[in-house]
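Given next are the chains, with one letter for each unit.
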Amino acid sequence: MQRAIAAFLLVFGLVAAALANDNYREPDPALTALVDAPLQPTSAVSPDKRWLAAFEYKWVKPLEEVARDELKLAGIRIDPVTFSRSRSTLLESIVLHDLESGEKVTVEGLPEGGRVGSPSWSSDSAHLAFLLEHGGKHTLWLYDVADDAVRQLSDEPLNGVLTSRPYQWLPDGSALLVNLAVNHGKPLPEPGIEAVAPVIQETDPENKAPVRTYQDLLETPADGERFEFLATGRIARVGLDGELTPLGEPGLVSGFDPSPDTRFVLVERIKRPFSYAVPYYRFPVQTDVLDADGERVTTVADLPLAENIPQGFDSVRTGRRNIQWRADAPATLVWVEALDGGDMSTEVEHHDQVYTWAAPFEGEPGELIATERRFAGIQWTNAEPAMLVEWRFSDRKLRVWKFEPDNPDAEPELFDERSYNDAYNDPGNPVTTRSEFGTSVIDIIDGRYVLLAGDGASPEGNIPFLDRHDLSTGETERLWHSEAPYYERVVEVIDDGGDRLLTLREARDEQPNFFLRDRAEDTLTQVSEFPHPHPQMTGISKELITYKRDDGVDLSGTLYLPPGYEEGDGPLPTLMWAYPLEYKDSSVAGQVRESPYEFNQISFWGPLPYLALGYAVFDDPKMPIVGTGDELPNDNFRPQLVASAQAAVDVLVERGVADPERIAIAGHSYGAFMVANLLAHSDLFAAGIARSGAYNRSLTPFGFQGEERDFWEAQNVYATVSPFFHAEKIDEPMLMIHGMEDNNSGTYPMQSERMFDALKGLGGQARLVMLPYESHGYRARASLLHMLWEQQEWLETYLGDSGD
């Protein structure tokens, strides 16, 4: 009845006038307050574990800032004024907490209007370096802990186009390396009409080039000139006295890393020819070792354009890749090379070979270790062994090996083997320390013990822990774990014994704050006092619910009920927000990966704001898509998706909290894809909200999400899972919201525009909202408020308000 009444009102225009208004709108004040609420600061602990630096930041920006000019080149978006990535999140303030005295120090002395980015401690904890955006450029600044003072280390503008952080500390903390923006202040190349020419591409039948759907690629030769102009940098060394020494020649610097003993610099530069088909990180790249004077010592790799990487998530480019320094040695390079042509589907005994090459880089590199699966990385330690990770996408398996890098005759030992989706058996992450060089390494205590900190996923929810693992015997001892009704996790281990811990502690109505926990003395001391971001939203009921799908797969979700709701009050209009994930093992598909004791963080981004309006919210009900045996997950996408949604609806209705006629389904990105599929293939929901989604998988023909097969291998799968191909079956109203400048692979704005056209042409009930200047995640305050208003209006129209 509710649906019929709402449709009647809409047809006769009683709500059409309000919904048709093209201006930015604002939602209920309770929702507006959430957009303006402070965010939890980010943090960084000094290497000596004395100082906790907390950084306040804002995700929400004024519309005029989001609308600033940016150039979309080679797969990235560039601010042509500051020679950096556009839309970067910058910090508003820095506050240091002394973990010994309890003193709090606010860093002052920055220029008015300047904003901080990319903070990083020196290895000796004497300085905190950071970027400052001010006056149209990014420059390098230092905070001196002993003097409690900031200073600009260099006035030279830095280039962050290709490097996420355009500076690096030398491992000993004596100086820094920077990437200078050599073209800053020069006019951007603007080719005239005489430079216009046809854009020509040609296939090579001998080399297949299956590439996924990338955004913001180069399109013309002029784009290539602008990209080269903006991305060109030059490495320089900056002493703590500000003296600057250029190293090497200018180039498209995409990475630079000093050797642990500071004698060399590993520099990666992109070269021409560029590509119209792939992003910059698949362009030709040359990697060199420079000495302290900037002279080239050796070229480690010179890789061609990588348009033809074989299909598959664990396929890689051929040649030397993952080139890095051994963190536990003075100046030894390590890299990996594919033994399978980069194609994981090739049947070979070993897929990768790891090589090592020590200074002075003469003679042939040595073989370190071969991997049976795809190499994923090495963690070095302050004593043997090192830890190597390998993985395989087809069965979602990973293995961690202990091996002795300086004893090639010693057999590697298996440390961990599981599905990387298996959270219940995750042993945790090794606690790190600083090596004799100042690099980060796993801390091996007394030559045999390693501390492991983890989330502690379990059927009862996450229970964070700290363990001590004996590498000699394989035995593990639990030293500490979080206890209800709090959710507490280890941020830093202060001592080798694991007795003194810096933790982040929270409860449902208590915002996260840092605490010092002394296990030996059984004391707990609060370090920070971050304010509650939305005190008006306390008293929310939260419950982790577990249930089963009709095929026996375990499922879970978190049920939130508005403040004041009591058992027996009757069913509420309900908003369900989900995101499907793919698995190859049904036993791990429904694992619980949240805690019922986590802080009720009411973000404007998800569904929880509508608790303020009296709606029930079922957040993250699991929607696992499982492929067992030879079947791949998407072979049975639709029936599994519908069965998961049916189970979620049933458990809410059985509990008496949801009215089956007033449940809406919502999601973002792949969650929007899910929404459209559920509206097309079920009658479980009264309405849907789909944000920034992709609906026609033939527009992403070389794979999407966890699908490796291309369109021509699996045409039936692509057609079956694409809601665009079944738009005629969507008979519930669907609100679609999309950023006009969406840069996410596959979710370009045309996806929502074409889906809306289909529904409009077929007589479906839909509304399309395109947000100017917005990308895949919306940033402007005006956009976010309008998004909340649209969602509020949609829910009230098709579900009614909580008093109905």
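For the structure, check the block above.
No experiment lies behind these values; they were computed from the predicted model shown.

The rules behind these values
- Residues numbered from 1 in each chain as written.
- Predicted model: local features only at pLDDT ≥ 70, side-chain atom pairs only at ≥ 80, totals over all residues.
- Heavy atoms only, no water.
- Helix = DSSP H or I, 4+ residues; strand = E, 2+ residues; numbered from the N terminus.
- Rg over C-alpha atoms; globule rule 2.2 N^0.38 Å.
- Buried < 20%, exposed > 50% of the residue type's maximum accessible area, 1.4 Å probe, protein only.
- Contact = heavy atoms within 4.5 Å.
- Areas by Shrake-Rupley, 256 points an atom, 1.4 Å probe, with all protein chains shown as cover.
- Lys, Arg positive; Asp, Glu negative; His and termini not counted.
- Charge placed at Lys NZ, Arg CZ, Asp CG, Glu CD.
- Polar contact = N/O pair within 3.5 Å; in protein donor to acceptor, adjacent residues only side chain to side chain.
- Expected span 1.5 Å × (residues − 1).
- Pairing = 2+ DSSP bridges.
- Axes fitted to C-alpha atoms, helices over the stretch in contact; angles between N-to-C directions.
- Phe/Tyr/Trp six-rings, centres within 6.5 Å; stacked < 30°, edge-to-face > 60°.
- Lys NZ or Arg CZ within 6 Å of the ring centre and 35° of its normal.
- 1 Å grid on protein atoms, 1.4 Å probe; cavity = no way out; pocket = protein on both sides within 12 Å on 5 of 7 lines; lining within 4 Å.
- Points joined across faces, edges and corners; volume = space filled by probe spheres on them.
- Nonpolar A, V, L, I, M, F, W, Y, C, P; charged D, E, K, R; others polar.
- Core = buried A, V, L, I, M, F, W, Y, C linked by side-chain atoms within 4.5 Å.
- Parallel < 35°, antiparallel > 145°, perpendicular 65-115°, else oblique.
- Salt bridge = Lys/Arg side-chain N within 4 Å of Asp/Glu carboxyl O.

Student: What am I meant to see in the overall build of the protein chain here?
Tutor: Looking only at helices and strands, the protein chain features 11 helices and 47 strands. Computed over its C-alpha atoms, the radius of gyration of the protein chain comes to 28 Å, within 12% of the 28 Å expected for a compact globule of 804 residues. With the C-alpha coordinates of the protein chain rotated into their principal frame, the extents come out at 80 × 75 × 60 Å. For the protein chain, the proportion of its 804 residues judged to be buried stands at 56%. In the protein chain, of all internal contacts separated by at least 6 residues, the share reaching a separation of at least 24 is 59%. Approximately 33,600 Å² of the protein chain is accessible, and the part contributed by carbon and sulfur atoms is 47%. Taking the average location of the 68 positive side-chain charges in the protein chain and that of its 131 negative ones, the two points are 2 Å from each other.

Student: What am I meant to see in the environment of Tyr-610 here?
Tutor: Counting through the fold element by element, Tyr-610 comes out in the loop between α6 (586-589) and β42 (616-619). Separated by 579 residues in sequence, Tyr-610 and Leu-31 have C-alpha atoms that sit 7.7 Å apart. Contacts of Tyr-610, omitting those with residues within four sequence positions, involve Leu-31, Leu-575, Tyr-615, Met-787, Leu-788, Gln-791, Gln-792 and Leu-795. In terms of polar contacts, Tyr-610 uses its side chain to reach the backbone carbonyl oxygen of Leu-788, at 3.0 Å.

Student: In this structure, what is going on with helix α11 (residues 781-798)? I would like to understand it.
Tutor: In an α-helix there are 3.6 residues to a turn, and that puts residues three or four apart on one side. Between the first and last C-alpha of α11 there are 26 Å, a value that for 18 residues agrees with the 26 Å anticipated at 1.5 Å per step. For α11, a buried count of 15 out of 18 residues is recorded, marking the element as mostly surrounded by other parts of the structure. Where α11 terminates, the next one or two residues include Gly-800, which has phi positive at roughly 80°.

Student: Sorry if this is basic, but what is going on with the sheet that holds strand β26 (residues 413-419) here?
Tutor: Neighbouring strands of a sheet are bound in pairs by backbone hydrogen bonds; such pairs are parallel or else antiparallel. With antiparallel pairing, 4 strands are arranged side by side in an open sheet as β23-β24-β25-β26. The open sheet terminates on both sides in strands that have one partner only, identified here as β23 (374-379) and β26. Averaged over all pairs of adjacent strands, the angle between strand axes in this sheet comes to 20°, irrespective of strand direction. Alignment of β23 against strand β24 (residues 386-392), held across 5 bridges, turns out to be antiparallel. Its bridge partner lying in β24, Ile-378 is registered against Leu-388.

Student: Please clarify how the pairing of strand β11 (residues 149-154) should be interpreted in this entry.
Tutor: Each regular strand carries side chains that alternate between the two faces of the sheet. Where strand β10 (residues 137-144) lies against β11, 5 bridges are found, and the strand directions are antiparallel. In the sheet register, Leu-142 faces β11, and the bridge partner there is Arg-151.

Student: I'm lost on the sheet that holds strand β17 (residues 285-291) in this one. Help?
Tutor: With antiparallel pairing, the 7 strands of this open sheet are ordered in space as β12-β13-β14-β15-β16-β17-β18. Both edges of this open sheet fall to β12 (167-169) and β18 (296-303), since each of them pairs with a single strand only. When strand polarity is set aside, the average angle formed by the axes of neighbouring strands in this sheet is 30°. Sheet topology note: the β17/β18 ladder contains 6 bridges and is antiparallel. Directly across from Val-285, in β18, lies its bridge partner Leu-303.

Student: Where do I start with the packing of aromatic side chains in this structure?
Tutor: A ring pair, where both rings are aromatic, is described by two values, the distance of the centres and the angle of the planes. What the rule picks out here adds up to 26 aromatic pairs. With a centroid separation of 6.2 Å and an interplanar angle of 25°, the aromatic rings of Trp-335 and Tyr-355 are classed as stacked. Within this pair, whereas Trp-335 is found in strand β20 (residues 332-338), its partner Tyr-355 is found in strand β21 (residues 352-358), the two being separated by 20 residues in sequence. By the burial criterion, Trp-335 is buried, and Tyr-355 matches it. Cluster of aromatic residues (ring-pair linked, three or more members): Tyr-579, Phe-637, Tyr-670, Phe-673, Phe-702, Phe-704, Phe-711, Trp-712 and Tyr-718. Against the face of Tyr-449 rests Arg-468, its NZ or CZ located 5.5 Å from the ring centre.

Student: In this structure, what is going on with the pairing of strand β15 (residues 244-258)? I would like to understand it.
Tutor: Pairing of strand β14 (residues 233-239) with β15 involves 5 bridges; the strand directions are antiparallel. From the neighbouring strand, Val-238 faces β15, where its bridge partner is Leu-244. The turn joining β14 and β15, which pair antiparallel and follow one another in sequence, is formed by 4 residues; a positive phi near 90° is taken by Gly-242. Where β15 lies against strand β16 (residues 264-270), 6 bridges are found, and the strand directions are antiparallel. Pairing of Phe-256 across the sheet is with Val-267, part of β16.

Student: Explanation requested: empty space enclosed by the protein in the structure shown.
Tutor: To locate leftover empty space, one rolls a probe as large as a water molecule over the atoms. All chains considered together, the criterion is met by 5 cavities of 30 Å³ or more. What the largest cavity holds in volume is close to 170 Å³. Every residue lining the largest cavity is counted, 15 residues in all, and those nearest its centre are Arg-68, Asp-79, Ser-86, Arg-87 and Ser-88. Elements represented by at least two residues in the lining of the largest cavity include exactly α4 (63-66) and β5 (84-85). For the lining of the largest cavity, the per-class residue count stands at 2 nonpolar, 3 polar and 10 charged.

Student: I would appreciate a short explanation of helix α5 (residues 221-231) in the present structure.
Tutor: With respect to burial, α5 is a largely interior element, 8 of its 11 residues being buried. Lining the buried residues of α5 we find β3 (71-73), β4 (76-79), β14 and β15.

Student: Help me understand the side chain of Arg-226 in this model?
Tutor: With respect to the secondary-structure elements, Arg-226 resides in helix α5. Those residues in contact with Arg-226 that sit more than four places away from it in its chain are Leu-71, Leu-73, Leu-188, Pro-189, Glu-190 and Pro-191.

Student: How do you make sense of the nonpolar core when you look at a structure like this?
Tutor: Note that soluble globular proteins tend to have their nonpolar side chains buried in a common cluster. Ranked by internal contacts, the top residues of the largest apolar core, which has 58 residues, are Met-576, Phe-618, Phe-685 and Met-734. One finds Leu-31, Trp-577, Phe-604 and Leu-795 within the second-largest nonpolar core, a separate group that totals 27 residues.

Student: Please clarify how the packing of helix α7 (residues 637-654) against helix α8 (residues 670-681) should be interpreted in this entry.
Tutor: Geometry of a packed helix pair, given as the angle between the helix axes and the separation of the axes. Look at α7 against α8: their axes get within 10 Å of each other, and the N-to-C directions meet at 85°. The pairing of α7 with α8 is recorded here as roughly perpendicular in orientation. For the pair formed by α7 and α8, the contact residues are Phe-637, Arg-638, Leu-641, Val-642 and Ala-645 on the first element and Tyr-670, Phe-673, Met-674, Asn-677, Leu-678 and His-681 on the second. Of the residues that constitute the contact of α7 with α8, the class distribution is 8 nonpolar, 2 polar and 1 charged.

Student: Explain the pattern of salt bridges to me, please; I cannot follow it from the model alone.
Tutor: Where side chains of opposite charge bring their charged atoms close, a pairing between them can arise. Evaluated as defined, the whole model comprises 50 salt bridges. Across the salt bridge formed by Arg-373 and Glu-417, the nearest N and O atoms sit 3.5 Å from each other. Taken together, the residues span a long stretch of sequence, with Arg-373 in the loop between β22 (366-371) and β23 and Glu-417 in strand β26 at a distance of 44 residues. For Lys-402, the salt bridge goes to Glu-413, with nearest N and O atoms at 3.4 Å. Of this pair, Lys-402 sits in strand β25 (residues 397-403) while Glu-413 sits in strand β26, and the two are 11 residues apart along the sequence. Through salt bridges with shared partners, a single ionic network connects Lys-61, Glu-65, Arg-115 and Glu-133.

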